[in-house]
Amino acid sequence: MLAKPVGPICNLDCEYCFYLDTKERYPGSTFKMRDDVLEAYLESVLQAHVGPEITIAWQGGEPTLLGLDFFRRAIAVAEAMKRPGTVLTHTIQTNATLLTDEFAAFFAEVGMLVGVSIDGPAHLHDAYRLDRQGRGTHARVVEGIGLLQRHGAEVNALVTINAANEHAPLEIYRHLRDDLGLRYLQLIPIVETDDAGVLLQTSVSASGWGHTLKEMFSEWFHHDVGSTFVSMFDAALAPLVGAPAGMCIFAETCGHAVALEHNGDLFSCDHFVDDEHLLGNLLETPLTDLLTSPAQIAFGQAKASTLPDQCRRCPVLDQCRGECPKNRHALSVDGEAGLNVLCAGYYDFFTSTRPVLTVMAQHLLAGGYADEVPAMVGNGAAEDPCPCGSGRSRALCPST
């Protein structure tokens, strides 16, 4: 569950924000999660999960707008409510521009995993991630990352790939790795449309998305296996070793990443915050009842049942699964609706990297380690040489 304690409210004015429209649902709201909603959320999450580890996740908007006291209170309440033996993992997604030493020290103290939105070096990041005065925010984000690192907090980079930075994947990757010392990366394609379903100019192209994934994969495979972790690459490997994808966009069905608004309203997904996908309110209905409602079950199953024939015939369906339903509104080669607008990019990435990932999967299943695989591939363990004549595996040659 993704809890949004300030809803869509943010101190920035990014050009591609998909969540801002939800503000219109709550006219006159202060967009601040009340204590009764906070307690209902925490109690619901703790009761609904029976495993030894439970994640409490905060997103926005910009959740740090609520101030440090809110998160002190939230974590104290959660720790008091949890069952004996339960370990809580606290996570937050932030733009990092409002962080202070106090915030950073607290996040480090409680083991908060901090996901920071950053889209590359300044000239790429500042293309779309502006404040309300139209100024770039990269310097302030980097300052916030530095605060977190100095206090020992765990930091992940949340990187959107969009029309402004899709041409520079290696510049992005190396900036995060070398300049900022970030070793955990999540890549997010920007796919936004107008009311008529036409892609907005900030959106990444299918070819640009595929190019980004392949270029970054090649850099990662040659230099960073075992030391840098990219969720997209882990997810591509997962089905080849018989593991869950780890990302809802690549799961066969969906419906588990529900979104909680500041007032307790629960929606099927944060990409589907509308009347059709409003499940109910936590102050009125238990979380388990909402998650197992016919509406939510149908929502989750529709991901698989509405796949176009082109997807069902695809050789990398086990890795892609049609990706996120919010992006599936293009026409297939048969003129059938429901193809993902990024299909060509995903197909390029998955088919080109599959030989190498298959070698990695086989090695892992045999008890080996992932960081041993690059040398194996260099010695010819992976087939499918690049047609450019370089002698490199097609998966690892950026020219393909």
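Owing to the predicted nature of the structure, the values given are computational and were not obtained by experimental measurement.

Scoring rules and cut-offs
Residues numbered from 1 in each chain as written. Predicted model: local features only at pLDDT ≥ 70, side-chain atom pairs only at ≥ 80, totals over all residues. Heavy atoms only, no water. Salt bridge = Lys/Arg side-chain N within 4 Å of Asp/Glu carboxyl O. Helix = DSSP H or I, 4+ residues; strand = E, 2+ residues; numbered from the N terminus. Buried < 20%, exposed > 50% of the residue type's maximum accessible area, 1.4 Å probe, protein only. Contact = heavy atoms within 4.5 Å. Polar contact = N/O pair within 3.5 Å; in protein donor to acceptor, adjacent residues only side chain to side chain. Core = buried A, V, L, I, M, F, W, Y, C linked by side-chain atoms within 4.5 Å. Right-handed = clockwise from strand over helix to strand, strands pointing away. Pairing = 2+ DSSP bridges. Expected span 1.5 Å × (residues − 1).

(A) Expanded view of the pattern of salt bridges. The full count for this structure, using the stated rule, is 15 salt bridges. With a closest N to O distance of 3.6 Å, K4 and D270 form a salt bridge. Taken together, the residues K4 in the loop between β1 (2-3) and α1 (35-48) and D270 in the loop between β9 (265-267) and β10 (278-281) connect sequence positions 266 residues apart. Judged by relative accessible area, K4 falls into the buried class, the value being 1%. For D270, a relative accessible area of 10% corresponds to the buried category. The closest approach of N and O atoms between E79 and K82, which form a salt bridge, is 2.8 Å. Take K82: its relative accessible area is 27%, and that puts it in the partly exposed class.

(B) Main features of the environment of N281. Along the polypeptide, N281 turns up in strand β10. Distance in space between the C-alpha atoms of N281 and C324 is 25 Å, their sequence separation being 43 residues. Each residue touching N281, except ones within four places of it in the same chain, is listed here: N263, G264, D265 and L290. Among the polar contacts made by the side chain of N281, one reaches the side chain of D265 at a distance of 2.9 Å.

(C) Structural context of the nonpolar core. One finds W58, F107 and Y346 to be the most contacted residues of the largest nonpolar core, which totals 90 residues. For this core, the leading source of residues is helix α13 (residues 343-365), giving 8 residues. Not counting the four nearest positions on each side in its chain, Y346 is found in contact with P189, W209, L213, M232, I249, F250, C320 and E323. Listed in part, the 5 residues of the second largest apolar core include Y19, Y26, F267 and V273.

(D) Summary view of the pairing of strand β4 (residues 113-117). With respect to burial, β4 is a largely interior element, 4 of its 5 residues being buried. Once you follow strand β3 (residues 87-94) into helix α3 (residues 101-110) and on to β4, the crossover reads as right-handed. Two strands pair when backbone bridges link them, and β4 and strand β5 (residues 154-161) are joined in this way by 5 bridges, in the parallel orientation. Of the residues in β5, the one forming a bridge with V114 is V155.

(E) Representation of helix α5 (residues 138-150). The first and last C-alpha atoms of α5 sit 18 Å apart over 13 residues, in line with the 18 Å expected at 1.5 Å per residue. All of the buried residues in α5 are H138, V141, G144, I145, G146, L147 and L148. Buried positions along α5 lie against α3, β4, α4 (122-125), β5 and α6 (169-179). Within two residues after α5, G152 carries a phi angle of roughly 85 degrees, on the positive side.

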